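Coordinate analysis (summary)
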Amino acid sequence: METLIVLIQLALGAALINNFVLHYFVGICPFLGVSRRVDTACGMGLAVTFVICVAALLSWTLTCLVLRPGAPVPAWVWQVAGGSAESVPELSILSYLIYIFVIAASVQFVEMYLRRFFPGLYRAFGVYLPLITTNCAILFACLEILKHLQDPTRLWGLHEAMTLAVFGGLGFTLAITMMAGIREELELVDVPRALRGAGISLITAGIMAMAFMGFARMDKGLEGAIRRLSRGPSAQRIEKTISTASRAKPIGAETEGFFGVEQMASSAR
């Protein structure tokens, strides 16, 4: 149950509450550059989602085996080379370099696939497809995985890393598709001359970011609902009775009300 709650919180946080684009403001370049048409924006979002998933899988594997403190591969190599177990070098300083290589390789694979099977979509992306390599949203996801693998008290598993990657990519797809739909509608209205182009796009992005703030603490509410459901109907009935009695009894009858509810709870058990 705890694992399910953690995964739900990660999914909602990455997709809605802490959206990569609208909360952390990473991946702004494709968000503004490829959001002129809904079909192109949706294709870009799915391509970024695929790259994030591949990069997250490879970065989690490399971080667990090589980069994090106490990783088994550098420790084994260091001992084979004759070094002591206490002086194993830490390779986390290479994390940025390795992550960039992983992201670049994933983008190259996506580019080759689109050029071969979806040439129209490949031409629509234009220069923004190779620029996925420099999309900060992908590097941000890899660095989040690294951060949660450096804490020995709470190490992320592969399921948590992939949940962040999948729903972070879907959140990016949702944001860029919504932006594209709004910009298509803006072409049909009379926008003031001073705001045409980048001006109205940035204002729209800011309004969207404020709108997504309405999802704040939704994960906490869902966590409470899941915990109440896991307790069963008897526990929910007792909790509801206690809550109702605490609101209904006057101040002078607090003691009587408490013992009355406690007796009801014991009989329900």
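Structural data are supplied above this passage.
In this report, the structure presented in the accompanying data block is examined. No experiment lies behind these values; they were computed from the predicted model shown. (Residues numbered from 1 in each chain as written. Predicted model: local features only at pLDDT ≥ 70, side-chain atom pairs only at ≥ 80, totals over all residues. Heavy atoms only, no water.)

1. Regarding the overall build of the protein
Going by this rule: Counting from the N terminus, the helices are DSSP H or I runs at least four residues long and the strands are E runs at least two residues long. Remark: exposure states derive from per-residue accessible area (1.4 Å probe, protein chains only) relative to the maximum for the residue type, with buried under 20%, exposed over 50%, and partly exposed in between. We call two residues in contact when some of their heavy atoms are within 4.5 Å.
Within the protein, the secondary structure is distributed over twelve helices and zero strands. Going from the N terminus to the C terminus, the protein shows its helices and strands as α-α-α-α-α-α-α-α-α-α-α-α. Classification of the 269 residues of the protein by burial places 36% in the buried group. Within the protein, counting contacts between residues at least 6 apart in sequence, those at least 24 apart form 73% of the total.

2. Brief notes about the side chain of Thr 63
As a reminder, the rule being used: By the criterion applied in these results, polar contacts are pairs of N or O atoms within 3.5 Å in which, for protein atoms, one can donate a hydrogen and the other can accept it, and in which residues neighboring in sequence qualify only through two side-chain atoms.
Within the secondary structure layout, Thr 63 lies in helix H3 (residues 38-67). There is a polar contact of 2.6 Å between the side chain of Thr 63 and the side chain of Tyr 99. Ignoring sequence-local partners within four residues, the contact set of Thr 63 consists of Arg 68, Tyr 99, Leu 146 and Leu 149.

3. Quick word on the state of the cysteines
Rule in force here: Put simply, a disulfide is two cysteine sulfurs that come within 2.5 Å.
Scanning the model with the defined rule gives zero disulfides in all. Left without a disulfide partner, Cys 136 is nearest to the cysteine sulfur of Cys 29, which lies 8.9 Å away. Relative accessible area serves as the criterion here: at 44%, Cys 136 is assigned to the partly exposed category.

4. Let's talk about the environment of Ile 52
Looking at where Ile 52 falls in the secondary structure, it is placed in helix H3. For Ile 52, a relative accessible area of 1% corresponds to the buried category. Separated by 55 residues in the primary sequence, Ile 52 and Val 107 have C-alpha atoms spaced 9.6 Å apart. Apart from the residues within four sequence positions on either side, Ile 52 is in contact with Ile 138, Ala 141, Ala 165 and Gly 169.

5. Overview of a nonpolar patch on the surface
Note the cut-off: The patch calculation keeps residues exceeding 30% relative accessible area without a salt bridge and links them within 9 Å when they carry like charges or within 5 Å when they are nonpolar (Val, Leu, Ile, Met, Phe, Trp, Tyr). The Shrake-Rupley method, run with a 1.4 Å probe sphere, supplies the accessible areas, and residue values consider only the shown protein chains as cover. In the sections that follow, a salt bridge refers to a side-chain nitrogen of Lys or Arg positioned within 4 Å of a carboxyl oxygen of Asp or Glu.
Together, Leu 65, Val 73, Trp 76, Val 77 and Val 80 make up a nonpolar patch on the protein surface, roughly 480 Å² of accessible area in all. Element by element, the count of residues in the nonpolar patch is highest for helix H4 (residues 72-80), at four residues.

6. Some words on the packing of aromatic side chains
Put simply, the rule is: A pair of aromatic rings is counted whenever rings of Phe, Tyr or Trp (Trp by its six-membered ring) have centres within 6.5 Å, and the orientation is called stacked for planes under 30 degrees apart, edge-to-face for over 60 and tilted otherwise.
By the definition in use, this model includes six aromatic pairs. Here Tyr 113 and Phe 117 contribute two aromatic rings whose centre-to-centre distance is 4.9 Å and whose plane-to-plane angle is 45 degrees, an arrangement assigned as tilted. In this pair, Tyr 113 and Phe 117 both sit in helix H5 (residues 95-117), four residues apart, roughly one turn of the helix. A relative accessible area of 41% means that Tyr 113 is categorised as partly exposed. Taken together, the ring pairs connect Phe 20, Tyr 24 and Phe 140 into an aromatic cluster.

7. Some points on the nonpolar core
For the record, the criterion: Among buried residues, those of type Ala, Val, Leu, Ile, Met, Phe, Trp, Tyr and Cys that are joined through side-chain atoms within 4.5 Å constitute a nonpolar core.
With 53 residues, the main nonpolar core has Phe 20, Leu 22, Phe 31, Ile 132, Ile 138 and Ile 145 as its most contacted residues. At the level of secondary structure, the elements contributing two or more residues to this core comprise helix H1 (2-17), H3, H5, helix H7 (136-149), helix H8 (158-186) and helix H9 (198-212). For this core, the element with the highest residue contribution is H3, accounting for eleven residues.

8. Observations concerning the pattern of salt bridges
Scanning the entire structure with this criterion turns up four salt bridges. Notably, a salt bridge pairs Arg 37 with Glu 187, separated by 3.1 Å at the nearest N-O pair. Taken together, the positions of Arg 37 in the loop between helix H2 (28-33) and H3 and Glu 187 in the loop between H8 and H9 put the pair 150 residues apart, joining distant regions of the chain. On the basis of relative accessible area, Arg 37 is assigned to the partly exposed category, the value being 39%.

9. Let's talk about the environment of Leu 12
Summarising the element assignment, Leu 12 is placed in helix H1. Residue class for Leu 12 comes out buried when judged on its relative accessible area of 17%. Sequence separation between Leu 12 and Leu 164 is 152 residues, and the spatial gap between their C-alpha atoms is 9.3 Å.

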